[in-house]
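Remarks on the overall topology
Residue-level listing of the chains:
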Amino acid sequence: MATTLHSQTSAPRQQPTTVSGVAVKQVYSDADLSQVDVHQDIGNPGRYPYTRGIHETMYRGRLWTMRQFAGFGTASETNERFRVLLRKGQTGLSTAFDLPTLMALDSDDPKSGGEVGRLGVAIDTMDDMLVLYDGIDLEKISVSMTINAPAAILMAFYLAAAQERGFDVRELRGTIQNDILKEFHAQNEFVFPPEPSVGLVVDLIEYCTDCVPRWNTVSISGYHIREAGSTASQELAFTLADGRHYVEQTLRRGLAIDRFAPRLSFFFNAHNDLLEEVSKYRAARRLWATLMRESFHAQDPASWKLRFHAQTAGCSLYDKQPQVNLIRVAYQAMAAVLGGCQSLHTNCMDETLALPTEHAATLALRTQQVLALETGVTNTVDPLGGSYAIESMTDAMVREARSYFEKIDQAGGMLAAIQTGFFRREIADAAYQYQTAIDRGEKKIVGVTDCVEPDEQPLELHEVDPMAESRQLERLRRVKQQRSRDEVQRSLQAVRDAARCGENVFPALIQAARTRATVGEITAAMAEIFGRQGARQM
């Protein structure tokens, strides 16, 4: 076997740093906790500030939700994959939409050509939503939807479809990502300018607070910020700053803090550096609890608790020796669990090469099941709590995040900081530093920079059905042919009127969904009022 491991282990080591480039000491002691108040800052599980977890019993009381991200082709193909995963023991659904849907384009839009159903499932109308979750009890299974710019539209489709199938929307459980700010920081899947985009986020929060009370109205996401190259501290700080902005804007709408805050949720990356990741999650809980109680004066402890979903780091996977990705994912998943996540997605080993095969998706799910049932890490709440290293790193991350909050305030607040490119510069600089460390040999990657195998056997990969796009186009054509053109036009005018008057657009969106208006048509109606945000404006 060709490898460089021996030469590396015999060479003098560089000063160790975390994945984020933070220096790591050889030994930590009580001297590193001089700024930490053990009772106020750490406390006990299930108690403010929840550094050690939001529940007293954590996984002894209930395991995390095993929620694998899935979606490809048409709604019927993804529905079949959902059923397979549920039969294998998955306990929640997570929906991946294709690129046209993420960009609020219909499948028959000229810009969608070649992308329909390739990176996720294609959804054009409420009829697709009916097929997507067909045969699944939506009052018993929680559903997550990763969608942002058209989140309000897809949520309207989901609620209208659930009602048509006879479900009580007040009993529906799940999450819609609905976090547009991080699109401006990192992922670029936005349609409208920042201010009306945030207004749509608040519309959804307001509507669901009143009508879908068990639904998590926004999943405030650091995952994509980290995938774009940020450090762990930046991921933490920018995500919580986004959350703070949504809270401020919802309060301006007139909602009382304790009515909506308990249904805000978070989504973090689980990267390779185990101690750094565990510290990040613990710091997030402490920061959010303090912010909600001390700054926003929330009274309900449910408002103080930061609940989060974690996904293992897609950016840490490689196409070289892709089976090694299984091992990376297992360690990352352990970090998320040791950090107290409420739900978890484990990536598949072949994701850098193609959409996952059913075999790879099964192994990814089994990784979580082994972690839950065999490793013993669920037996003790916050088992790393009290470690000098963990508590020191947690406190350092809290302080760095607060420093970033001050920088954002000094830049004029969230929207002003977006306009000046503050977030993008910070993330780009961090990504450059990390890549430079790899190029200099300061960071090692098994199978890529070290332990290289010259003769690798290729994996069997999932192949997207080339006819999926034509099937979706035909399906959309039939829907347009069968619906009432007048009803669609009236519903779209209602959407325009609500947007123009500054009203909550959500009731009009649900009515538009029932007329079988498409994602693209509804988006175009709102864009007439809100305008569109071009990538060059960022």
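Please refer to the structure higher up on the page.
Residues numbered from 1 in each chain as written. Predicted model: local features only at pLDDT ≥ 70, side-chain atom pairs only at ≥ 80, totals over all residues. Heavy atoms only, no water.

So, the state of the cysteines
Put simply, the rule is: The disulfide criterion used throughout: a pair of cysteine sulfur atoms within 2.5 Å. Exposed residues in this analysis have more than 50% of their type's maximum accessible area, buried residues have under 20%, and partly exposed residues fall in between, with area computed by a 1.4 Å probe over protein chains only.
All told, the structure shown has zero disulfides when counted by the stated rule. Distance from the sulfur of Cys208, which forms no disulfide, to the nearest cysteine sulfur (Cys211) is 7.8 Å. Overall, Cys208 belongs to the buried group, its relative accessible area being 1%.

Some points on unusual backbone geometry
To be explicit about the condition: Secondary structure is summarised from DSSP: a helix means a run of H or I of at least four residues, a strand means a run of E of at least two, and numbering begins at the N terminus for each.
Following Tyr48, the chain continues into Pro49 via a peptide bond in cis, with omega recorded as 5°. Relative to the elements of secondary structure, Pro49 occurs in the loop between helix H2 (38-42) and strand E1 (65-70). Phi at Cys451 takes a positive value of approximately 55°, unusual for a residue other than glycine. For Cys451, the location among the structural elements is in the loop between helix H18 (422-439) and helix H19 (468-482). Exposure remark for Cys451: the relative accessible area of 15% places this residue in the buried category.

Focus: the packing of helix H16 (residues 388-410) against H18
Condition: Structural elements are reduced to axes, namely lines fitted to C-alpha atoms, with helices fitted over the stretch in contact, and the angle between N-to-C directions of any two is expressed from 0 to 180 degrees. An angle below 35 degrees is read as roughly parallel, one above 145 as roughly antiparallel, one from 65 to 115 as roughly perpendicular, and any other as oblique. Residues are treated as being in contact if the distance between any of their heavy atoms lies within 4.5 Å. Gly is put with the polar residues, along with every residue not named as nonpolar or charged; the nonpolar set is Ala, Val, Leu, Ile, Met, Phe, Trp, Tyr, Cys and Pro, and the charged set is Asp, Glu, Lys and Arg.
Contact pair H16 / H18: the axes reach a minimum separation of 11 Å and the direction vectors enclose 140°. Taken together, H16 and H18 sit at an angle that is classed as oblique. Residue-level contacts link Tyr404, Lys407 and Ile408 of H16 to Phe422, Phe423 and Glu426 of H18. Within the contact of H16 with H18, the residues separate by chemical class into four nonpolar, no polar and two charged.

A short note on the pairing of strand E3 (residues 143-146)
Rules: Only when DSSP finds a minimum of two bridges between them are two strands counted as paired. Handedness of a crossover is defined as follows: with both strands directed away from the viewer, a clockwise route from the first strand across the helix to the second makes it right-handed.
Residues of E3 alternate between two faces, with Val143 and Met145 on one and Ser144 and Thr146 on the opposite face, all of them buried. Both strand E2 (residues 92-96) and E3 contribute to a ladder of four bridges, which runs parallel. Looking at the pairing, Thr95 lines up with Met145 of E3. With three bridges connecting them, E3 and strand E4 (residues 174-176) associate as parallel partners. Each bridged residue has a counterpart across the sheet, and for Ser144 the counterpart in E4 is Thr175. Traced from E3 through helix H6 (residues 151-164) to E4, the parallel crossover comes out right-handed.

Topic: helix H3 (residues 75-87)
For the record, the criterion: Every helix has an expected span of 1.5 Å times one less than the residues it contains.
Compared with the 18 Å implied by 1.5 Å per residue over 13 residues, the 18 Å span of H3 between its first and last C-alpha is a close match. For H3, the full list of buried residues reads Ala75, Glu77, Thr78, Asn79, Arg81, Phe82, Val84 and Leu85. Of the surrounding secondary structure, the elements contacted by the buried residues of H3 are E1, E2, helix H5 (126-132), helix H15 (358-373) and H19. After H3 finishes, the residue Gly89 shows a positive phi value of roughly 110°.

Concerning the side chain of Arg496
For the record, the criterion: Under the rule applied, a polar contact is a pair of N or O atoms within 3.5 Å (in protein, one hydrogen donor and one hydrogen acceptor; residues adjacent in sequence only if both atoms are side-chain atoms).
Relative to the elements of secondary structure, Arg496 occurs in helix H20 (residues 485-501). Accessibility expressed as a relative area gives 13% for Arg496, which makes it buried. A polar contact is formed between the side chain of Arg496 and the side chain of Glu528, at a distance of 3.0 Å. Every residue in contact with Arg496, bar those within four places of it in the chain, is listed here: Ala525, Glu528 and Ile529.

Description of the environment of Met145
Its location among the elements puts Met145 in strand E3. For Met145, a relative accessible area of 0% puts it in the buried group. With sequence-adjacent residues up to four places away left out, Met145 is seen in contact with Thr95, Phe97, Met129, Tyr133, Met155, Tyr158, Thr175, Ile176, Gln177 and Trp215.

Considerations on the pairing of strand E7 (residues 264-270)
Counted residue by residue, E7 has seven buried out of seven residues, so it is predominantly covered. Burial along E7 is two-sided: the residues Leu264, Phe266, Phe268 and Ala270 and Ser265, Phe267 and Asn269 are all buried. Looking at chain direction, strand E6 (residues 218-221) and E7 are connected through four bridges and run parallel. Bridge assignment links Ser219 to a residue of E7, and that residue is Ser265.

Let's talk about empty space enclosed by the protein
Put simply, the rule is: Residues are called lining when one of their atoms sits within 4 Å of a cavity or pocket point, these points coming from a 1 Å grid over the protein atoms alone, where a cavity is a set in which a 1.4 Å probe fits but cannot get out and a pocket is an open set with protein on both sides within 12 Å along at least five of seven lines. Grid points are joined across faces, edges and corners, and a volume is the space filled by probe spheres set on the points.
Taken as a whole, this structure holds three cavities of 30 Å³ or more when the rule is applied. Of the pockets and cavities examined, the largest cavity occupies roughly 110 Å³. Lining of the largest cavity is provided by 14 residues; of these, Asn148, Ala149, Ala151, Ser197 and Leu200 occupy positions nearest its centre. Classifying every residue of the lining of the largest cavity gives eleven nonpolar, three polar and no charged. Size it by volume and the second largest cavity reaches roughly 80 Å³.

Structural notes on the sheet that holds strand E9 (residues 343-345)
In spatial order, the strands read E5-E4-E3-E2-E1-E9-E8-E7-E6; together these nine strands make up an open sheet with parallel pairing. In the strand order of this sheet, the two ends are held by strand E5 (215-216) and E6, each with one partner. Sheet topology note: the E1/E2 ladder contains four bridges and is parallel. Paired with Arg67 across the two strands is Gly92, which belongs to E2. Its contacts with the sheet put helix H10 (residues 232-253) on E6 and E7, and the angle it makes with E7 is roughly 165°. Contacts from H15 reach E1 and E9 within the one sheet, and its direction differs from that of E1 by about 165°.

Thoughts on the environment of Ile408
In this structure, Ile408 sits in helix H16. Judged by its relative accessible area of 0%, Ile408 is buried. Ile408 sits 14 residues away from Phe422 along the chain, and the two C-alpha atoms are 8.2 Å apart. Each residue touching Ile408, except ones within four places of it in the same chain, is listed here: Phe238, Ala241, Arg244, Gly413, Met414, Ala417, Phe422 and Phe423.

Thoughts on the packing of H6 against helix H21 (residues 506-514)
Selection rule: What makes a crossing left-handed is the near helix being turned counterclockwise from the far one by less than a right angle; a clockwise turn instead makes it right-handed.
Contact geometry of H6 with H21 gives a least axis separation of 8 Å together with a crossing angle of 60°. Looking at the two axes, H6 sits oblique to H21. Between H6 and H21 lies a crossing of right-handed hand. Contacts from Ala152, Ile153, Met155, Ala156, Phe157, Leu159, Ala160 and Gln163 of H6 reach H21 at Phe506, Leu509, Ile510, Ala513 and Arg514. Here the contact of H6 with H21 is composed, by residue class, of eleven nonpolar, one polar and one charged.

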